[in-house]
Amino acid sequence: MEQTVEEARKFNWKNWAAVRKMGHYLRPHAWGYALGVLIISLSGILTLLVTRLWGQLGGVGTSSSEDAVVESPMAALNINMHNLVEIGWLILIVLAVQAALSFGRVLLFAKMTEDMMLSMRNDAFEAIVSMPMRFFDTRSVGDLNSRVSADITAIQDVFTTTFAELLRQVIIIVGGILALLYFSVTLTLLMLATLPVMIIAAILFGRFIRMLSKRTQDQVAASNTIVQETLTGIISVKSFANEAWEVSRYLRSIKDIRSLAMRGAIWRGAFASFIILFIFGAITLVIFKGAELMMEGGLASEHFFTFLLMTGLVAGSIGGIAAQFSALQQGLGAIESLMELMDESREDVVTQTKQPYPAFQLRGEVSFENVCFHYANRADVTVLSGVNLHIEPGKRVALVGPSGAGKSTIASLLQRFHEPTGGIIKVDGRPLSEYDLTGFRKRIAFVPQEVILFGGDIRSNIAYGKTDASESEIRLAAEQANALDFIESFPNGFATVVGERGVQLSGGQRQRIAIARAILRDPDILILDEATSALDANSEKEVQIALDALMRDRSSLIIAHRLSTIKNADQIAVLSGGSILEMGTHDNLVVRSGAYKKLVENQEIDLV
Ligand code: ADP
């Protein structure tokens, strides 16, 4: 399977080039990021300063030396470092500055990231909608959708928080350790020898626990799939009386959840003990040694307090940095996969409403000359082998044949969803590849077998055929599609919301909406995939009237299943196993006792 269906992937240095493409999105914000780095650095230094001042507060009462006043750079500011109130004020001022800086930083990063996200989301959607059909053949649309949104969220996290946090933590760790060394080399070395090791061990431990909980989640998802499958196929479950079998299948799966969760709990418990014993143990050791040094007079009390607070700060940053690294790695992986998506080869279609494309009209003469085809993802299966088909302008050609014969493939090739692997398709005597793709498709309308309406009202669903259509054009199209009566029978008329959250239309009504959409488009070539599911006789008649209006004087390629449609066609092409066996009208094909006659006799064509 393609990468798009995988889990969010980790970054791989080999694909650094993809990440460099991200530069395109970053460049406009270069100055913003420079300012951001400056603010973060300043704010990191202020954090260290505040910690130092807190320590000073703690040491005021106990300190016996007056040296600090002289030593301290604060002396220059005329601040008495042994006066509680003065230090308090100073802390307050530093905190206020820091608060303002943090506010600015969050806003700055959010602004830059949201701008970037706007263009990335837009570009990603544009890339996806302009992918050729073969792209969608190999991917599940749901997976693609969730992958892209997960990637974008991961990238967003990196630029809104991860990057800033990482920088802040590095500054605190480096600055903090330097400051600690200044206070006491012995104590710092002791701290460095114990705490980071323990913290890193804790991180690895935490990661292992997360892996376990991920396995539990996967198992939960697998058990949900069982529920979903069972409920979706409840008819089969009931009619095969397989309730007990389903219950036992589900029970097996949820038992796995329980044992995995218990395993996770044991390790979580061990983790809690580890933290208490080793991390807190290491902290105790440092405090113990510090107190000892202080009592021996080797460490001023305010320095000892500062040391403790700063150690906490540095330890917190060491602990936090791993999470940031992992978010960064995921973000880089996401960037890589998104950039790869953007690099996939696209169709040459117009993706911006204002972008011009050549507008032209076609006479509607279609010819398939010796067309061969196999799908890219199934190269070994020949779908079409040497198809010759001709549609005169304004005429109707019905494609008939058993399922899997290649009828829909012919319709797809005519819309240039795929390129033939052999032979040529011409419209008005010109190869399809010579036409501008958007301009060409604008002259075609396709009425699918199963009409899927977009969420929204009836008006916008019809207007999909011509997005700038006027109210009266939409109405006229609905009328010609024989849909006006039922639309107006709804209290909200054209404003009736359809689709998942709206009124459920019947099959015949949906088809007439699709026909109205096609009429509004006023195409030169019409491709119709006739519905196989039978409508009741009345709806069938209504749809037929609509179809007749649509097909009048247009070149039409109809994937036909009903005898009535087939009889009305100017030509019938009988397709089987990827080649056309017979061509002719109904009357001259039934007397030939060939493939067509067999189809009719075997009732592979609906006799309505
Ligand atoms: P019909 O419309 O006559 O039922 P199709 O054109 O849908 O036939 O299919 C013809 C053959 O091509 C079938 O064997 C089918 O499995 C295969 N096929 C159709 N669509 C695809 C696709 N997107 N990818 C791979 N094979 C496909």
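Here the residue numbering is sequential within each chain, running from 1 through the sequence in written order. Local features are withheld for residues below a pLDDT of 70 in this predicted model, meaning they are given only at 70 or higher, and side-chain atom pairs are given and counted only at 80 or more; totals for whole chains, interfaces and linings count all residues. In computing side-chain properties, one takes all heavy atoms of the structure into account and sets aside hydrogens as well as water.

Engineer: Looking at this structure, I do not really get the overall build of the protein chain. What am I missing?
Structural biologist: Counting from the N terminus, the helices are DSSP H or I runs at least four residues long and the strands are E runs at least two residues long. Along the protein chain, the regular secondary structure elements total 21 helices and 12 strands. What the globule rule says is 2.2 Å times the number of residues to the power 0.38, and the radius of gyration is computed from C-alpha atoms. Against the globule reference of 25 Å for 608 residues, the protein chain gives a C-alpha radius of gyration of 36 Å, more extended than a compact globule. The burial tally for the protein chain puts 44% of its 608 residues in the buried class. At a minimum sequence separation of 6, the contacts of the protein chain that also span at least 24 residues come to 79%. Residue-level accessible areas treat just the shown protein chains as cover; the underlying method is Shrake-Rupley with a 1.4 Å probe. Of the roughly 31500 Å² of accessible surface on the protein chain, 60% is carried by carbon and sulfur atoms. Only protein chains enter the area calculation, which uses a 1.4 Å probe; residues under 20% of their type maximum are buried, those over 50% are exposed, and those in between are partly exposed. Only heavy atoms enter the contact rule, under which two residues are in contact if any of them lie within 4.5 Å.

Engineer: Would you take a moment to explain the nonpolar core for this structure?
Structural biologist: A general feature of soluble globular proteins is that nonpolar side chains tend to end up buried together. With 50 residues, the main nonpolar core has I462, I487, I515 and Y596 as its most contacted residues. It is helix 17 (residues 507–521) that contributes the most residues to this core, 7 residues altogether. Among the nonpolar cores identified, the runner-up in size contains 42 residues, and V60, M120, A127 and L332 belong to it. We define a nonpolar core as any set of buried Ala, Val, Leu, Ile, Met, Phe, Trp, Tyr and Cys residues linked to one another through side-chain atoms lying within 4.5 Å.

Engineer: Would you mind showing me how to read the site of the ligand here?
Structural biologist: Proximity criterion: a residue is near a molecule or strand once any of its heavy atoms comes within 4 Å of it. Near the ligand you find 13 residues, and of these G404, G406, K407, S408 and T409 are the closest. Here a polar contact means two N or O atoms within 3.5 Å. Within protein one must be a hydrogen donor candidate and the other an acceptor candidate, and residues neighboring in sequence count only if both atoms are side-chain atoms. Separating a nitrogen atom of the ligand from a side-chain N or O atom of Y375 is a distance of 3.4 Å. In the model, an oxygen atom of the ligand is placed 3.3 Å from a nitrogen or oxygen of the R378 side chain. Look at the ligand: alone it shows 550 Å² of surface, and the protein chains cover 72% of it. Basically, the charged four are Asp, Glu, Lys and Arg, the nonpolar ten are Ala, Val, Leu, Ile, Met, Phe, Trp, Tyr, Cys and Pro, and anything else, Gly included, counts as polar. Taken together, the residues that form the shell around the ligand break down as 4 nonpolar, 6 polar and 3 charged.

Engineer: When you look at a nonpolar patch on the surface in this model, what are you seeing that I'm missing?
Structural biologist: Taken together, the side chains of V227, L231, I234, I235 and Y250 make up a nonpolar region of the molecular surface, amounting to roughly 450 Å² of accessible area. Secondary structure elements with two or more residues in the nonpolar patch: helix 8 (185–232) and helix 9 (234–239). Structurally, the position occupied by V227 is in helix 8. Taking relative accessible area as the criterion, V227 reaches 33% and is therefore assigned partly exposed. Only residues whose relative accessible area exceeds 30% and that form no salt bridge are eligible for patches; like-charged ones are grouped when within 9 Å, while nonpolar side chains (Val, Leu, Ile, Met, Phe, Trp, Tyr) are grouped when within 5 Å. Salt bridges are defined by distance alone: a side-chain nitrogen of Lys or Arg within 4 Å of a carboxyl oxygen of Asp or Glu.

Engineer: Sorry if this is basic, but what is going on with the packing of helix 3 (residues 30–60) against helix 11 (residues 301–343) here?
Structural biologist: Two quantities define a packed helix pair, namely the angle between the helix axes and the distance between the axes. In this analysis an axis means a line fitted to C-alpha atoms, helices contributing only their contacting stretch, and an angle means the value between N-to-C directions, from 0 to 180 degrees. Between helix 3 and helix 11, the least distance of the axes is 7 Å, while the angle of their chain directions is 140°. Taken together, helix 3 and helix 11 sit at an angle that is classed as oblique. When the axes of helix 3 and helix 11 are compared, the crossing they make is right-handed. Here helix 3 contributes T47, L48, T51, R52, W54, G55, Q56, G58 and G59 to the contact with helix 11, which in turn contributes S301, E302, H303, F305, T306, L309, M310 and L313. Note that the term roughly parallel is reserved for angles under 35 degrees, roughly antiparallel for angles over 145, roughly perpendicular for angles of 65 to 115, and oblique for everything else. Take the far helix as your reference; a near helix turned counterclockwise from it by less than a right angle gives a left-handed crossing, and one turned clockwise gives a right-handed crossing.

Engineer: What is the right way to read the side chain of T565 from this model?
Structural biologist: Note that T565 resides in helix 19 (residues 563–567). Classification of T565 as buried rests on a relative accessible area of 3%. Not counting the four nearest positions on each side in its chain, T565 is found in contact with E530, Q544 and I558.

Engineer: Would you mind showing me how to read the sheet that holds strand 10 (residues 555–559) here?
Structural biologist: The pairing of strands in a sheet comes from backbone hydrogen bonds and takes either a parallel or an antiparallel form. The 6 strands lie next to each other as 6-9-10-3-11-12, forming an open sheet whose pairing is mixed. At either margin of the open sheet sits one strand with a lone partner, and together these are strand 6 (444–447) and strand 12 (579–584). Each adjacent strand pair in this sheet contributes to an overall mean axis angle of 20°, direction not counted. Only strands joined by at least two bridges in the DSSP assignment are considered to pair. Relative to strand 11 (residues 571–576), strand 3 (residues 396–400) is paired through 4 bridges, and the arrangement is parallel. Bridge assignment links A398 to a residue of strand 11, and that residue is I572. Each of strand 6 and strand 9 (525–529) touches helix 17; the most contacted strand, strand 6, lies at about 175° to it.

Engineer: I'm lost on the packing of aromatic side chains in this one. Help?
Structural biologist: The description of an aromatic ring pair rests on the distance of the ring centres and on the angle between the ring planes. Any two of the Phe, Tyr and Trp rings considered here, Trp counted by its six-membered ring, make a pair once their centres fall within 6.5 Å; the pair's planes then place it as stacked at under 30 degrees, edge-to-face at over 60, or tilted in between. What the rule picks out here adds up to 17 aromatic pairs. With 6.0 Å between their ring centres and 70° between their planes, F205 and W267 make a pair best called edge-to-face. Linking F205 in helix 8 with W267 in helix 10 (residues 243–295), this pair joins segments that are 62 residues apart in sequence. Accessibility expressed as a relative area gives 17% for F205, which makes it buried. Summarising the aromatic geometry, the rings of F373 and Y375 are spaced 4.9 Å apart at their centres and angled 80° between planes, so their arrangement reads as edge-to-face.

Engineer: Quick question: what am I supposed to make of the packing of helix 10 against helix 11 here?
Structural biologist: The geometry of helix 10 relative to helix 11 is characterised by a closest axis approach of 10 Å and an angle of 170° between their N-to-C directions. Classified by the angle their axes make, helix 10 and helix 11 are roughly antiparallel. Contacts between helix 10 and helix 11 pair V286, I287, G290, A291 and M294 from the former with S301, F304, F307 and L308 from the latter. Broken down by class, the residue content of the contact of helix 10 with helix 11 amounts to 7 nonpolar, 2 polar and no charged.

Engineer: Explain the sheet that holds strand 4 (residues 422–427) here, please?
Structural biologist: An order of 2-1-4-5 is seen for the 4 strands of this open sheet, with the pairing classed as antiparallel. Two strands close off the open sheet at either side, each with one partner strand: strand 2 (384–391) and strand 5 (430–431). Bridge count between strand 4 and strand 5: 2 bridges; the pairing is antiparallel. When the bridges of strand 5 are listed, K426 appears paired with P431. Set on the sheet, helix 12 (residues 407–414) makes contact with strand 1 (366–373), strand 2 and strand 4; between it and strand 1 the angle comes to about 115°.

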